Amino acid sequence: MAVEPGMRASDGDRDKVASVLREHYAQGRLTSEEFDERLEQLYASKTYGELATLTSDLPDVDLSRLPEASARAKDVERKTEGGDLTIAWSVWATASGINWMIWFIIGATDGFDFPYPWPLWVMGPWGVVLLVGTVVGALGKGRNR
């Protein structure tokens with residue numbers, strides 16, 4: 001069935017055009033002001049004709065070949081699923097290592113008379129918070145599957 005300019009557009013159609021606009025913005029064809037303005041117009045659009053005017057001055061992009069916006073969001077979510085926790089644990093380990101190195105240097109320069117192990121106060125609470133977040137996150141993912 002041919003798409004007529006006066007036909008009503010769906011939310012999925014608007015999402016596809018939003019993907020096109022995001023792609024053109026990422027490639028530098030639109031300024032941030034133009035992009036924001038077109039997005040406002042996009043979500044106020046009701047027909048295919050109104051959607052077409054938003055991209056009429058941009059190179060053609062076959063909307064049927066673009067993935068659905070929800071599929072893109074799932075891809076991004078899948079890529080960053082464990083990434084945030086990995087980064088958090090890496091930062092914790094780095095900070096802990098630095099604190100222990102400082103503690104060691106202080107003890108070594110004081111005739112190997114090591115002070116109270118204060119890095120435990122940095123590592124302990126922060127590590128517990130990360131551990132709880134990791135366990136709760138793993139339980140939450142288990143329920144969603």
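Just above sits the structure.
What counts and how
- Residues numbered from 1 in each chain as written.
- Predicted model: local features only at pLDDT ≥ 70, side-chain atom pairs only at ≥ 80, totals over all residues.
- Heavy atoms only, no water.
- Salt bridge = Lys/Arg side-chain N within 4 Å of Asp/Glu carboxyl O.
- Helix = DSSP H or I, 4+ residues; strand = E, 2+ residues; numbered from the N terminus.
- Buried < 20%, exposed > 50% of the residue type's maximum accessible area, 1.4 Å probe, protein only.
- Patch = residues over 30% accessible without salt bridge, like charges linked within 9 Å, V, L, I, M, F, W, Y side chains within 5 Å.
- Areas by Shrake-Rupley, 256 points an atom, 1.4 Å probe, with all protein chains shown as cover.
- Lys, Arg positive; Asp, Glu negative; His and termini not counted.
- Charge placed at Lys NZ, Arg CZ, Asp CG, Glu CD.

1. Thoughts on the pattern of salt bridges
This model, assessed by the stated rule, comprises two salt bridges. Two residues, Asp11 and Arg14, come together in a salt bridge whose shortest N-O distance is 2.9 Å. Here the residue Asp11 and the residue Arg14 both occupy positions in helix α1 (residues 11–26), the gap between them amounting to three residues, near one helical turn. Here Arg14 falls in the buried class, since its relative accessible area comes to 12%. For Arg38, the salt bridge identified is with Asp57, shortest N-O distance 2.8 Å. With Arg38 in helix α2 (residues 32–44) and Asp57 in the loop between α3 (48–55) and α4 (69–80), this pair connects stretches of sequence that are 19 residues apart. Classification of Arg38 by relative accessible area gives buried; the value is 11%. Here Asp57 falls in the exposed class, since its relative accessible area comes to 52%.

2. Brief notes about a negative patch on the surface
Taken together, Glu33, Glu34, Asp36, Glu37 and Glu40 make up a surface patch of like negative charges. Position of Glu34 relative to the elements: it lies in helix α2.

3. Examining a nonpolar patch on the surface
Taken together, Met101, Phe104, Ile105, Phe112 and Phe114 make up a surface patch of nonpolar side chains, about 510 Å² in accessible area. If you trace the backbone, Phe112 turns up in the loop between α5 (83–109) and α6 (119–144). Residue Phe112 is classed as exposed on the basis of its relative accessible area, which comes to 57%.

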